[in-house]
Amino acid sequence: KLSIAEMLLIAIFLIVAFWMKGVEFRKLRGVVNALEREISVNDSELRSFPLPVLLFDSTEKILWYNPLFQNQFIINNKIQNADIRQFTSGQGLDTIRNNVFIECEYGDKKYTVFSGNTEYRNEVVYALYFVENTELKKFKESYIATRPVLMFINLDSAEDVFVDLR
């Protein structure tokens, strides 16, 4: 049996936990709205964007993702951890900020990932847009591996080349 003090402590903990979740949800909702305004779309367009979208903060913590991202990346509706690196082949915020796009793999698929950012209440929120192009990259690798190679050899004197072979 729990004492009254223990029950009161648990109740206070639960109230604070639910209140913190509400604060985090309101903050997240504001971030999504700010990003939607930044890219000039209305409230539902970021959720129905035709590419998988992932939002994260400057600590690389995942804040939000759209249903298409969930369908393509989230196994059993659970994320292993809240770190973006699991979806970017280990590449972090520094790499993302310094490049127009990054190349990454997830599962058996290859992606080109474009990024953007917006500011919300003095915090920068980043967005990743995943373009799945596995077949295109396989075609490129196949082309590079199978294209013919032509080499021209210009000899000044054939005797100079064959002198050590005798």
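Look above for the structure.
Sequence order as written defines residue numbering, which begins from 1 separately in each chain. Reporting of local features is limited, given that this is a predicted model, to residues whose pLDDT is at least 70; pairs of side-chain atoms are given and counted only at 80 or more, and all residues count toward the totals for whole chains, interfaces and linings. The basis for every side-chain value is the complete set of heavy atoms in the structure, and neither hydrogens nor water enter the calculation.

Peer 1: What is the right way to look at unusual backbone geometry in this model?
Peer 2: Generally, phi is negative for residues other than glycine and the peptide bonds are trans, each holding for most cases. Backbone geometry at E60 places phi at a positive 70°, although glycine is not the residue there. Strands are runs of DSSP state E lasting at least 2 residues, helices are runs of H or I lasting at least 4, and numbering of each runs from the N terminus. One can find E60 in the loop between β1 (53-56) and β2 (62-65). Its relative accessible area of 12% is what places E60 among the buried residues. One non-glycine residue, S89, lies in positive phi territory at about 55°. Residue placement: S89 occurs in the loop between α2 (67-73) and α3 (93-97). Partly exposed residues are those whose accessible area sits between 20% and 50% of the maximum for their type, while under 20% is buried and over 50% is exposed, using a 1.4 Å probe and protein chains only.

Peer 1: Would you take a moment to explain the sheet that holds β1 for this structure?
Peer 2: By way of backbone hydrogen bonds, the strands of a sheet pair with one another, either parallel or antiparallel. Strand pairing is assigned whenever DSSP detects at least two bridges linking the two strands. Strand order across the open sheet formed by 5 strands is β2-β1-β5-β4-β3, with antiparallel pairing between neighbours. Edge strands, defined here as strands with exactly one partner in the open sheet, are β2 and β3 (101-106). Averaged over all pairs of adjacent strands, the angle between their axes in this sheet comes to 30°, without regard to strand direction. Bridge count between strand β4 (residues 109-120) and strand β5 (residues 123-132): 10 bridges; the pairing is antiparallel. Across the sheet, residue Y120 finds its bridge partner in β5, namely E123. The axes used here are C-alpha line fits, helices contributing only the stretch in contact, and every angle between their N-to-C directions lies in the interval 0 to 180 degrees.

This is a description of form; function is not addressed.
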